[in-house]
Each structure stands twice: as structure tokens, then as C-alpha cells.
Amino acid sequence: MKLYFNPRSRAVIGKWMLDEAGVEYEIVPIDLDKREQKSPEYLKVNPAGKLPALVDGEARVFENAALCLYIADKYPQARLAPKLDAPERGRYLSLMVYSTSQLEPSMGDHMAKAPTPPQRGWTEYPQTLDAMERELGDGPYLFGDWFTAADVMIGSMFIYQRMLGGSTGRPKLEAYVDRLMARPKGMKLR
């Protein structure tokens, strides 16, 4: 398995997931300054010319949510996702998609101080924080004591916000980010 990677990219999320799964993989460094992610060879791996990308034999996977879903399902022994027939599976899939379809764009609008008109299709930032506080509940993670790939995806958004000098301003969510960053294999700010 090969992870196309640059530490100054979102590929750190895919790396976090692979590390949490405890699987062996090879890092394929991509030099962003040389625009290697736009090379014809790399575009065969990820046609968007972005990081991350994962190659596993004949399979190629790009976008962090897809990497996390792929890794969690491929390595069920790591227990990073509910089983396919588990009742928690629907909520898990919803959180995985929510991370990139609602949380990330609303956070981007918030950090850029841009309005979020309804036709954009995502919720305003305060409502995403309300939703995440409800989903977190009383547990240390989104599924109580069980750390999953949903924590990687949701948590990485909040970690990036902190890295960029932002904060949710919500003690419950900030404590969640602290727990995620304290994980031995967790995503680290660079």
C-alpha cells in the first residue's frame, strides 16, 4: 500500500488513519513546490491532482473520506468502523460525509468571514457546531469510548482549525480536539 504524501497537505489525515489502523504502508513523497501532484504520472493516481491518494494493488483511492472508509473496511480488525450490518453503520456513514459536505465548508466560510447563503447547500457554522456537540454526546469520541474513522474525519477538521489559529469557542469540542491530539498515533500540528 502506498500513500502519496506531503506533510503540508491533507494527506496527514490519510496517514493518521493508516497509523490508527496499524497497517504497513509506504510513503511516496510528493513535492508540492515542484508541482509533482500535477504530473501526468500522478494524475493517473488522482485525476484531481491533489493529495492524498492511496494505491493498494490495483485499487486507487483519493479524497480523505474515501481513504478512511476504504482502510476501515479493509482492516476490520482495527475496529475503526461499525460492521456493514451494524445499526451504527448509518450514523457512521453520515458523519463521514458530514465532515466534508457540511462541517468543512461551513468552517471555511466562518474562517474567511464569508456569508453562507442557503443556496450554497451547507449549514451555517454555529449549527454545525451544535450538531457536532449533539453527536459527541457524553463520550470521549463520537461513538462513546469507541474511536472510529469518523473521529479522524470530523476531528481533523477541528485540528486544522486550531492549526490555523482558530477555535470552536466551545469547551466540549475543544476538549474533544485535545483528546484526539493526545492520541499516540493522532494527527499532529506541524
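Residues numbered from 1 in each chain as written. Predicted model: local features only at pLDDT ≥ 70, side-chain atom pairs only at ≥ 80, totals over all residues. Heavy atoms only, no water.

Digging into the UniProt feature "domain: GST N-terminal" (unreviewed entry) in the protein
Worth spelling out the cut-off: UniProt positions are given in the numbering used here, feature names are shortened, and annotations may be inferred rather than shown by experiment. Numbering of helices and strands runs from the N terminus; a helix is a DSSP stretch of H or I covering at least four residues, while a strand is a stretch of E covering at least two.
Following the UniProt record, the feature "domain: GST N-terminal" (unreviewed entry) maps to residues 1-79 here. Along residues 1-79, the helical share is 33% and the strand share 20%, with 19 Å between the first and last C-alpha atoms.

With respect to the sheet that holds strand 2 (residues 26-29)
Spelled out, the test is: At least two DSSP bridges between two strands are required for those strands to pair. Note on geometry: axes are C-alpha line fits, over the in-contact stretch for helices, and angles between N-to-C directions span 0 to 180 degrees. Contact between two residues is taken to exist if any of their heavy atoms lie within 4.5 Å; hydrogens are not considered.
Taken in spatial order, the 4 strands line up as 2-1-3-4 in an open sheet, and their pairing is mixed. The sheet is open, and its two edges are formed by strand 2 and strand 4 (59-62), each paired on a single side. Averaged over neighbouring strand pairs, the angle between their axes works out to 20° when direction is ignored. Here strand 3 (residues 53-56) pairs with strand 4 via 4 bridges, running antiparallel. Each bridged residue has a counterpart across the sheet, and for V55 the counterpart in strand 4 is R60. In this fold helix 1 (residues 11-21) packs onto strand 1 (2-5), strand 2 and strand 3, with an angle of close to 150° to the strand it touches most, strand 1.

Description of the layout of surface pockets
Filter applied, for reference: Computed over the protein atoms alone on a 1 Å grid, cavities are sets of points where a 1.4 Å probe fits but cannot get out and pockets are open sets with protein on both sides within 12 Å along at least five of seven lines; a residue lines them when it has an atom within 4 Å of a point. Grid points are joined across faces, edges and corners, and a volume is the space filled by probe spheres set on the points. Under the grouping applied here, Gly and all other residues not named as nonpolar or charged are polar, the nonpolar ones being Ala, Val, Leu, Ile, Met, Phe, Trp, Tyr, Cys and Pro and the charged ones Asp, Glu, Lys and Arg.
Considered as a void within the structure, the largest pocket measures approximately 270 Å³ in volume. Along the wall of the largest pocket there are 17 residues; nearest its centre are R10, K50, L51, P52 and E63. Mapped by element, the contributors of at least two residues to the lining of the largest pocket are helix 3 (64-74), helix 4 (89-111) and helix 6 (149-163). Looking at the lining of the largest pocket, its residues break down into 7 nonpolar, 5 polar and 5 charged. As a volume, the second largest pocket reaches approximately 230 Å³.

Examining unusual backbone geometry
Residue P52 is bonded to the preceding L51 through a cis peptide linkage, with omega at 10°. You can see P52 is positioned in the loop between helix 2 (40-43) and strand 3. A positive phi angle is found at R35, which is not glycine, with a value near 60°. With respect to the helices and strands, the residue R35 is situated in the loop between strand 2 and helix 2. Although it is not a glycine, E63 sits at a positive phi angle of roughly 85°. Mapped onto the fold, E63 is located in the loop between strand 4 and helix 3.

Brief notes about the packing of helix 6 against helix 7 (residues 171-182)
Cut-off, in case you're wondering: When an angle is under 35 degrees it counts as roughly parallel; over 145 it counts as roughly antiparallel; between 65 and 115 it counts as roughly perpendicular; any other value is oblique.
The geometry of helix 6 relative to helix 7 is characterised by a closest axis approach of 10 Å and an angle of 105° between their N-to-C directions. Between helix 6 and helix 7, the angle falls in the class roughly perpendicular. The residues of helix 7 that touch helix 6, namely those facing D151, I154, G155, F158, I159 and R162, are L173, E174, Y176, V177, D178, L180 and M181. Its residues placed into classes, the contact of helix 6 with helix 7 shows 8 nonpolar, 1 polar and 4 charged.

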